[in-house]
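Now for the letters of each chain:
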Amino acid sequence: MKVSTSKILRGAASAFVAAGLIAAIAGCAAPQATNLSDELPFDQAVAQASDGLAGQTQKLPAFLAKVESKLAKRGVVLDPMLDATTGQQTSATVRLENRVSERLTTKFDQFEILPFQSANLSRAQYLLTGTMTRVENGGGAKKRALRINLALTDLKSGTVVAQASALAKDEGLAHTPLAYYRDSPVLVKDQVIEGYARTSATPPGQRGDAFYLDRIAAATLINEATTLYNQERYVEALGQYRSALATPTGEQLRVLNGIYLTNAKLGHGAEAEQAFGRVVALGIAYNQLGVKFLFNPGSTEFWSDSKVSGPYTMWLRQIAKESTTARACMDIVGHTSKTGSEQANDALSLQRANFIRQRLMAEAPVLGARTKTSGMGFRQNIVGSGTDNAVDALDRRVEFKIIPCS
């Protein structure tokens, strides 16, 4: 078969351009992260951070960058963005990821956002992560702003290729947790979530968090399962959580918690209790377990609504069982939300911790010698909004911190 000389030349030229592109990319030093220090309205801060992120990937001469964008789009998978303080997905984090996705795909035609699914990990070039964190903005009234961190990580090498941060005004944003996090009995911020947050703040040219990146395949299944849970498709969600658990890196707090939640929603009492026991065991192994025991205002009585407090007896039974099995010694720490005086909340948080300790000792007397109590009031609030609703439920928690046995 004859091939024309012009076709050969065009093919050689294309190969030359591609080789030049590769050489140019390889020769570029790591770009500087974008750091926007002026506090901006939320959407404006997100837009500028997204522009900075994209700009760091455009270090080629303008004409080569244009050619490259026509040769192939850069596939990006987006691991859902998080509140770095709580580890939760909220209405505000959903707005963040939607704004970032829209900006990258409408203003920069070299990017293609792909669904966060296992099959796309091999197709995509980049992993996109992002967090928001409440920070003091230095104002006289101590108003809080939001620190936004975004990062693009090369999926093959695990190296962060672009990172941007911006300071946004926390105005008009809803921080209500999505259903999975609202219903969760425990704080699901573990090593994976902390690794996600670290990756989102990692400077360009450095590797993202290895613990998190090694579990990215399982994360796609967890995301699919959590989406199904939020859609109230509990049977399908349970199947996906079980699939995630079956993977080599699937034994994670988010997975075990999801198996508990879906079984509880489906009325599978025995399976739910077994799953909660595994949640507790993993929390003990992680050396910290934060459980959302809600109390009636100003008292040590559990929340009156049985739909909320109904499982508490089972929770206490499993905490007693698993801590006894692990021969763990614990500091039981009570916390309150930020309403009322500091002195009153210190006293109330200690009373609640003592109440939980008494309940645990009723289940397993041996824990009397292995536990102590303390009350932190609202000094260690995670959210600190003082709204006393689903937003700051994590502030009204009891933590079980593993301590050396004396």
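Preceding block: the structure.
Summary of the structure given here. Each residue is numbered by its place in its chain's sequence as written, counting from 1. In view of the model being predicted, local features appear only for residues whose pLDDT reaches at least 70, and side-chain atom pairs are presented and counted only at 80 or more, with totals across whole chains, interfaces and linings using the full set of residues. In computing side-chain values, all of the structure's heavy atoms are included and hydrogens and water are not.

Regarding the pattern of salt bridges
So, point 1. Salt bridges, as used here, are contacts in which a Lys or Arg side-chain nitrogen is within 4 Å of a carboxyl oxygen on Asp or Glu. Applying the stated criterion across every chain, the model contains 12 salt bridges.
So, point 2. For Asp 209, the salt bridge is made with Arg 198, and the minimal N-O distance between the two is 3.1 Å. Residue Asp 209 is located in the loop between helix H7 (191–200) and helix H8 (210–213), and its partner Arg 198 is located in helix H7; the two are separated by 11 residues in the primary sequence.
So, point 3. Exposure categories follow from relative accessible area, calculated using a 1.4 Å probe and restricted to protein chains: below 20% of the type maximum is buried, above 50% is exposed, and the middle band is partly exposed. Residue Asp 209 is classed as buried on the basis of its relative accessible area, which comes to 15%. The way it works is that DSSP assigns letters per residue, a run of H or I at least four long becomes a helix, a run of E at least two long becomes a strand, and they are numbered from the N terminus.

Looking at the nonpolar core
Here is a general trend for soluble globular proteins: nonpolar side chains tend to be buried in one another's company.
So, point 1. We call a set of buried residues a nonpolar core when its members are Ala, Val, Leu, Ile, Met, Phe, Trp, Tyr or Cys and they connect through side-chain atoms within 4.5 Å of each other. Within the largest apolar cluster, 92 residues are counted, with the highest numbers of intra-cluster contacts made by Phe 42, Leu 128, Phe 293, Ile 319, Ile 356, Leu 360 and Phe 400.
So, point 2. Residue contributions to this core peak at 7 residues, all from helix H9 (residues 216–230).
So, point 3. Setting aside its immediate chain neighbours within four residues, Phe 400 contacts Asn 287, Gln 288, Leu 289, Val 291, Phe 293, Ile 319, Met 330, Asp 331, Ile 332, Ile 356 and Leu 360. In this description, contact between two residues means that some pair of their heavy atoms is separated by no more than 4.5 Å.

Some points on unusual backbone geometry
So, point 1. With phi around 65°, Glu 232 is a residue other than glycine that occupies positive phi space.
So, point 2. Among the structural elements, Glu 232 can be located in the loop between H9 and helix H10 (234–245).

Some words on helix H14 (residues 312–325)
So, point 1. Its 14 residues place the ends of H14 20 Å apart at the C-alpha level, agreeing with the 20 Å of an ideal helix rising 1.5 Å per residue.
So, point 2. Those residues of H14 that sit buried are Tyr 312, Met 314, Trp 315, Leu 316, Gln 318, Ile 319, Ala 320, Glu 322 and Ser 323.
So, point 3. Just downstream of H14 lies Arg 327, where phi reads positive at about 55°. Take the residue count of a helix, subtract one, and multiply by 1.5 Å to get its expected span.

Re the sheet that holds strand S8 (residues 288–291)
So, point 1. Only strands joined by at least two bridges in the DSSP assignment are considered to pair. Strands sit in the order S8-S11-S9-S10 across an open sheet of 4 strands; the sheet is mixed. The strands lining the two open edges of the sheet, one partner per strand, are S8 and strand S10 (371–375). Going from strand to strand, the sheet's axes swing by 20° on average, the running direction of each strand aside.
So, point 2. Sheet analysis places S8 next to strand S11 (residues 398–403), joined by 4 bridges and oriented antiparallel. Along S11, the bridge assignment pairs Gln 288 with Lys 401. Lines fitted to C-alpha atoms define the axes here, with helix axes fitted over just the stretch in contact, and angles between the N-to-C directions of these axes take values from 0 to 180 degrees.

Things to note about the side chain of Arg 370
So, point 1. With respect to the helices and strands, Arg 370 occurs in the loop between helix H15 (342–363) and S10.
So, point 2. Of the side chains bearing the opposite charge, Glu 322 lies closest to the buried Arg 370, which forms no salt bridge; the N-O distance is 11 Å.
So, point 3. Those residues in contact with Arg 370 that lie beyond four places of it in its chain are Ser 323, Thr 324, Arg 327, Ala 328, Cys 329 and Met 330. Positive charges come from Lys and Arg alone, negative charges from Asp and Glu alone, with His and the N- and C-terminal ends not counted.

Remarks on the environment of Asp 170
So, point 1. Assignment of secondary structure puts Asp 170 in the loop between strand S7 (160–169) and helix H6 (179–183).
So, point 2. In this structure, the C-alpha to C-alpha distance between Asp 170 and Arg 134, residues 36 residues apart in sequence, is 8.5 Å.
So, point 3. Once residues lying within four places of it in the same chain are set aside, the contact partners of Asp 170 are Arg 134, Arg 144, Leu 146 and His 175.
So, point 4. Pairing of N or O atoms within 3.5 Å defines a polar contact, subject to two protein rules: one partner must be a possible hydrogen donor and the other a possible acceptor, and residues neighboring in sequence count only if both atoms are side-chain atoms. A polar atom in the side chain of Asp 170 sits 2.9 Å from the side chain of His 175.

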